[in-house]
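# Observations on the three-dimensional arrangement
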Amino acid sequence: VRNPRLGMLVRLLLATGMRRGEAEGLTWGDVTPDGIRIRGTLRRDGTLGPTKSGKERSVPVGPDTARSLAAWRLRNGRPGDDVPVVGVCDRSAWKVARGAVCESLTLHDLRHTAATWWLSAGLTVHAVAELLGHADAVLVLRLYGHALPQDTSRAGEVMDALRRQAAEAATG
């Protein structure tokens, strides 16, 4: 992404699974060295409304994203806590950026990507639901269940190992 502000927005969406409006409404006061507090979503009228679930949530970020955010803040003159991190997305810039990758790619697809990556990396369905702000983990299963490991070939080995572990604990 050649547009730096759009690049930061894309990074935030992939790193946190936030909705576009949540990222656009994010201020520097919501950013800590290890995570992001999602308090609301930016409405079309420019005001901050509640999140879709009506609940605030926190999403941890890794060191690479934390460094990128720190560098972004420095690059922008160390703005105060009430200043937006990225602000409103320029939709024409997104159309240009996605044209280099996939014409049908939406910013919301980055949220789906984050959820899929989390599940495929082994986070529980309940953890991903919490990170995304879903009240019901069933929704995560329905939308992203394809990302869960499907390998059943080791089921017998796994059960034998767990049985041995339980027997050892009981005897000793």
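Now for a description of the structure that goes with this document.

The interhelical angle for the contact between helix H5 (residues 107-120) and helix H6 (residues 125-132), taken along N-to-C directions, is 155 degrees, at an axis separation of 10 Å. Between H5 and H6, the interaxial angle falls into the category roughly antiparallel. In this structure, H5 crosses over H6, and the sense of that crossing is right-handed. Of the residues in H6, those in contact with Arg-111, Ala-115, Trp-118 and Leu-119 of H5 are Val-125, Val-128, Leu-131 and Leu-132. Classifying every residue of the contact of H5 with H6 by side-chain character gives seven nonpolar, no polar and one charged.

This part is about the pairing of strand E2 (residues 35-38). Pairing of strand E1 (residues 31-32) with E2 involves two bridges; the strand directions are antiparallel. Bridging from a neighbouring strand, Val-31 pairs with Ile-36 of E2. Two successive antiparallel strands, E1 and E2, enclose a turn made up of two residues.

Thresholds applied
As a convention, each chain's residues are numbered from 1 in the sequence order in which they are written. For this predicted model, a pLDDT threshold of at least 70 governs which residues receive local features, and a threshold of 80 or more governs which side-chain atom pairs are given and counted, while totals over whole chains, interfaces and linings are taken from all residues. To get the side-chain values, take all heavy atoms of the structure and skip hydrogens and water. Axis lines are fitted through C-alpha atoms, for helices just across the contact stretch, and the angle between N-to-C directions can take any value from 0 to 180 degrees. For helices the rule is a DSSP run of H or I covering at least 4 residues; for strands it is a run of E covering at least 2, with both sets numbered from the N terminus onward. In these notes the angle categories are as follows: under 35 degrees is roughly parallel, over 145 is roughly antiparallel, 65 to 115 is roughly perpendicular, and the rest is oblique. Rotating anticlockwise by less than a right angle from the far helix to the near helix defines a left-handed crossing, while the corresponding clockwise rotation defines a right-handed one. The criterion used for residue contact is that any of the two residues' heavy atoms lie within 4.5 Å. The nonpolar class holds Ala, Val, Leu, Ile, Met, Phe, Trp, Tyr, Cys and Pro. Asp, Glu, Lys and Arg form the charged class, and all remaining residues, Gly among them, are polar. When DSSP finds two or more bridges between a pair of strands, those strands are recorded as paired.

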